[in-house]
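Observations on the three-dimensional arrangement
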Number of protein chains: 2
Amino acid sequence: LLTNEQRDRFEVVLVSPRNPLNIGAAARAMANFGFAHLSVVAPYEPHWREAKSAVGAESLLLHARGAQCLNEAVADCTLVIGTGTLEHRKPEQPVVPLPSLAPLIQDKEKIAIVFGPEKRGLTREDLALCHLLVEIPTDPRQPSMNLGQAVAVCLYEFTRQSRSLPSQSSTAADAPSLDSETRANETSIVPAPATAADLDLLAGVVTETMQAANYSPAAMQRANRHDLDLLLRRLTLSGQDVRRILGLFRRILWRIKH
Amino acid sequence: LLTNEQRDRFEVVLVSPRNPLNIGAAARAMANFGFAHLSVVAPYEPHWREAKSAVGAESLLLHARGAQCLNEAVADCTLVIGTGTLEHRKPEQPVVPLPSLAPLIQDKEKIAIVFGPEKRGLTREDLALCHLLVEIPTDPRQPSMNLGQAVAVCLYEFTRQSRSLPSQSSTAADAPSLDSETRANETSIVPAPATAADLDLLAGVVTETMQAANYSPAAMQRANRHDLDLLLRRLTLSGQDVRRILGLFRRILWRIKH
């Protein structure tokens, strides 16, 4: 079972879910596996209300955070994982099979796993806000999973992995060996990673600078932002990196405008 | 992905499912993970018809085998795995956490995984027909999973395990090493395990013999059969063992009656 500390590391994000039964099933799976933090991005209000008022609705559904856009929902996360069928797309970031996810999430502070709407899945814009994409190994003849079942399978995998891997706190507390001390030292030397909010702020200032500098025609601005979003997530910037680059771009922006 | 041979080793059994949506969701999960063999025991007919006639119903639902009782559904299986919440029961056979199931199913020829009805779960009688019970590691505050989600999680685990473990046929074909030859020899020396139908036949003849011998009062017959079912599954009998014991009991029965 997840410790409280592990539980707080995970945020489940549903983007524009349509079916109240699926919303309820996602919340049920979260409760089954001991997850507590649910965010819902731009839900269709009548269905969202119906899901929350259903008999036996999970309390975590009542306490779910609402957000207008994905960026807002994952603002404090340092790793954003996208899900979905990738058959007809060429993803621009790494794709990891679900059973191989463990080593990639082990040292992350705050992890969001993001599920798109039932029919269409995540948009290209939302995918650009993900550091990596996870793929549930399904049969190519019927690859598309029901939302509630996909959530259940992903959360089962997270708890399975956290059973086999000692949590950082329990290693430090239960076995103060050389190994855990090394790890503690590393933690204090390695700078804190940039959150999604850091990256969003930086992308905004860079975009503004591009426009102020007439970097490219207006028709290209959306494509530029898309490439920038992907680039920033590929770089594994620290929070300090972001602050430095922000300082630079703010200075450039000021010079252009004055 | 499962090879055809692996696929044919697994039978998913739903005992008296009630909700057509859950039946559909179970079939959807099977199609997602490439499983093909579904049996349904004593379904409530109107709901079963509704599930089969639903828009987008999986073809494996249309080809599902019907059975009057669990024994009939698992007749050709050599390992029967029960599922469900075990909170308020003291199971009489081994309970294995789902993530630890791999080594126990690796060398089994035909495996059934059995799911009980939504509200009540498997009966004590049905549980007695299982060699072992599998437990999905859920939170004690909300341990009971939705049927469709439980099926999805179990089948994901089976495919995950078959990805990490080489299948028997691929080992023999791809790498004809000493190891695979040893295994091939073992297969020819180790006698074929008893199927559920073998055990059911034996239990029937032993029960008949008990009655013919006035072994115990009529009020005890149900409890005796229950204990006998459990005992026969604990013994890991081969098919040959069963035929020998059957011969003995038939002889005894003949002598008592004549």
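Quick note: structure is the one above.
Nothing here was measured: the structure is a model prediction, and the numbers come from that model. (Residues numbered from 1 in each chain as written. Chains lettered and ligands numbered in written order. Predicted model: local features only at pLDDT ≥ 70, side-chain atom pairs only at ≥ 80, totals over all residues. Heavy atoms only, no water.)

**Quick notes on the packing of aromatic side chains**
By the definition in use, this model includes 9 aromatic pairs over all chains. Ring geometry for F33(B) and Y156(B): centres 6.1 Å apart, planes at 55 degrees, overall tilted. In this pair, F33(B) is assigned in the loop between α2 (20-32) and β2 (38-41) and Y156(B) in helix α8 (residues 147-164), connecting sequence segments 123 residues apart. One aromatic cluster is present, formed by F33(A), Y156(A), F33(B) and Y156(B) through successive ring pairs. A cation over a ring is seen here: R18(A) above Y44(A), with NZ or CZ 4.6 Å from the ring centre. (Phe/Tyr/Trp six-rings, centres within 6.5 Å; stacked < 30°, edge-to-face > 60°. Helix = DSSP H or I, 4+ residues; strand = E, 2+ residues; numbered from the N terminus. Lys NZ or Arg CZ within 6 Å of the ring centre and 35° of its normal.)

**Quick look at the nonpolar core**
By size, the foremost hydrophobic cluster in this structure holds 82 residues, and its most contacted members are I81(A) and I81(B). Apart from the residues lying within four places of it in its own chain, the contact partners of I81(A) are L101(A), I105(A), I111(A), A112(A), I113(A), V114(A), C130(A), L132(A), V134(A) and F158(A). (Core = buried A, V, L, I, M, F, W, Y, C linked by side-chain atoms within 4.5 Å. Buried < 20%, exposed > 50% of the residue type's maximum accessible area, 1.4 Å probe, protein only. Contact = heavy atoms within 4.5 Å.)

**Considering the sheet that holds strand β4 (residues 79-82) of chain B**
Residues and elements named next belong to chain B. Read from one edge to the other, the open sheet built from 7 strands follows the order β3-β2-β1-β6-β4-β7-β5, with strand pairing classed as parallel. A single partner strand is all that each edge strand has here, and the edge strands are β3 (65-67) and β5 (95-97). Across the sheet, the mean angle separating the axes of adjacent strands is 30 degrees when strand polarity is ignored. (Pairing = 2+ DSSP bridges. Axes fitted to C-alpha atoms, helices over the stretch in contact; angles between N-to-C directions.)

**Examining the environment of Q142(A)**
Positionally, Q142(A) belongs in the loop between β7 (132-135) and α8 (147-164). For Q142(A) and L202(A), which are 60 residues apart along the polypeptide, the C-alpha to C-alpha distance reads 40 Å.

**What to know about helix α12 (residues 221-234) of chain A**
Residue and element names in this part refer to chain A. Under the 1.5 Å per step criterion, the end-to-end length of α12 is 20 Å for 14 residues, consistent within 8% with the ideal 20 Å. For α12, every residue scored as buried is listed here: N224, H226, L228, D229, L230, L232 and R233. Structurally, α12 contributes buried residues whose contacts are with α5 (70-73), α7 (124-127) and α11 (196-212). Of the residues one or two after α12, T236 is the one with positive phi, at around 45 degrees. (Expected span 1.5 Å × (residues − 1).)

**Focus on the interface of chain B and chain A**
Across the contact, 34 residues belong to chain B and 34 residues belong to chain A. Overall, the association of chain B and chain A removes approximately 2,700 Å² of surface from exposure, summing both partners, and the carbon and sulfur fraction of that is 55%. Three residues, N32(B), Q149(B) and Y156(B), lead the burial of chain B against chain A; their summed loss comes to 24% of the area buried on that side. Across the contact surface, chain B and chain A share 1 salt bridge. Taken together, chain B and chain A are joined by 16 residue pairs in polar contact (both at pLDDT 80 or more). Secondary-structure elements contributing two or more residues to the side of chain B that touches chain A are α2 and α8 of chain B. Looking at the side of chain B that touches chain A, the element that brings in the most residues is α8(B), giving 8 residues. Tallied by class, the residues present in the side of chain B that touches chain A amount to 18 nonpolar, 8 polar and 8 charged. (Buried area = accessible area lost by both parts, 1.4 Å probe. Salt bridge = Lys/Arg side-chain N within 4 Å of Asp/Glu carboxyl O. Polar contact = N/O pair within 3.5 Å; in protein donor to acceptor, adjacent residues only side chain to side chain. Nonpolar A, V, L, I, M, F, W, Y, C, P; charged D, E, K, R; others polar.)

So far we have only geometry, and geometry alone does not tell us how the molecule works.
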